[in-house]
Amino acid sequence: MSSVLEMMISDDPVGVFVRYFFTCWAVHGVVSLVSSLIVPSYYNPTVSFEKRISWDYTVSSVIYCVPITTFYLLAVLEFHGSVEDRWTGVSFFTVHGIALHAASSLYESVNYVLTGKEWLFYAHHVVTLGCCVSMLFTERGQFWCSVLGLVEATNIPLGMITVLGSTPKLRNSLVYVLNGILLWLLYLLLRLPIPVAMYFLARDLWTQGPESGGPAWVFEDATMQTCWVVFLFTSGSFLWLLSMFWLKKITAGVVKGLKSAGILPK
């Protein structure tokens, strides 16, 4: 029992990850309590348990994606310079950004079980967890995890669609349309160019890998490193294609919203 407690309060990556996992649930509880007080429909008899859970973790995601994005942005600015920094740089920002990202993915996966989500949602989070945890616990390549993790910023306006859409007055307002446009712009800025980031990551691995005596590796064992590279690029391609699928839907939604607001001709 004491060893578990020591791990939870320690500053090593495992302890930080565990603390953030329980922090996500604490935020969930606060969101549930506040929602029950200020959202009239929260305990409406027609609202199912699954819908309330979905609301709670969606609003929670808006909250914790703000520090995730902030940590990642500061980490990218800190370690963008040399190849040595990109692969061996570890700081408060990288550890806390990746740990919170991984912990929130695990937290959301539990909520997906509670709400009966489809397998595609689980696949997304399993892939995210695998990528984050591998770089968090080995303390290597954390710059690249931060670069790729910046896409979490899109979850802020994505979650706000649910929040704003819960009130008819807000759902039909300009604020709702502007939030949709922000979501679309962030997808274009952060998710669409992911293949460019993967290209530069691949170039590091190709030109500065262990074979050439460079620092571009996560696992010292050659077999493990090869498996990690295959997993990273396979999962990265899967997530990018999934993002492009959602970008198409978001684009259609933005166009519809602009037409409804009279900004675009119908």
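Residues numbered from 1 in each chain as written. Predicted model: local features only at pLDDT ≥ 70, side-chain atom pairs only at ≥ 80, totals over all residues. Heavy atoms only, no water.

(A) Structural view of unusual backbone geometry. At Glu139, a position not held by glycine, the phi torsion is positive, near 60°. Along the chain, Glu139 turns up in the loop between helix H6 (119-138) and helix H7 (142-149). Classification of Glu139 by relative accessible area gives partly exposed; the value is 37%. (Helix = DSSP H or I, 4+ residues; strand = E, 2+ residues; numbered from the N terminus. Buried < 20%, exposed > 50% of the residue type's maximum accessible area, 1.4 Å probe, protein only.)

(B) The arrangement of the layout of surface pockets in detail. Within this model, the largest pocket holds a volume of roughly 950 Å³. Lining the largest pocket are 31 residues, and of these Tyr112, Phe121, Asn155, Leu158 and Trp246 sit closest to its centre. When residues of the lining of the largest pocket are traced back to their parent elements, those giving at least two are helix H3 (49-79), helix H5 (92-115), H6, helix H8 (155-165), helix H10 (174-191) and helix H12 (222-260). For the lining of the largest pocket, the element with the highest residue contribution is H12, accounting for seven residues. Considered class by class, the residues forming the lining of the largest pocket number twelve nonpolar, 13 polar and six charged. What lines the second largest pocket is a set of 19 residues, and nearest its centre among them are Tyr176, Val177, Gly253, Lys256 and Gly257. (1 Å grid on protein atoms, 1.4 Å probe; cavity = no way out; pocket = protein on both sides within 12 Å on 5 of 7 lines; lining within 4 Å. Points joined across faces, edges and corners; volume = space filled by probe spheres on them. Nonpolar A, V, L, I, M, F, W, Y, C, P; charged D, E, K, R; others polar.)

(C) Spotlight on the packing of aromatic side chains. The final tally for this structure, using the stated rule, is 15 aromatic pairs. Between the aromatic rings of Phe21 and Phe22, the centroid separation amounts to 5.6 Å while the plane-to-plane angle is 70°, which identifies the pairing as edge-to-face. Accessibility expressed as a relative area gives 17% for Phe21, which makes it buried. Judged by its relative accessible area of 47%, Phe22 falls in the partly exposed class. With a centroid separation of 4.9 Å and 85° between ring planes, the pair formed by Tyr42 and Tyr43 is classed as edge-to-face. Tyr42 gets classed as buried once you look at its relative accessible area, which sits at 5%. The exposure class assigned to Tyr43 is exposed, which follows from its relative accessible area of 54%. One aromatic cluster in this structure is built from Phe21, Phe22, Trp25, Tyr64 and Tyr107. One cation-aromatic arrangement involves Lys117 over Phe121; the distance from NZ or CZ to the ring centre is 4.8 Å. Taking NZ or CZ as reference, Arg140 lies 3.6 Å from the ring centre of Trp217, over its face. (Phe/Tyr/Trp six-rings, centres within 6.5 Å; stacked < 30°, edge-to-face > 60°. Lys NZ or Arg CZ within 6 Å of the ring centre and 35° of its normal.)

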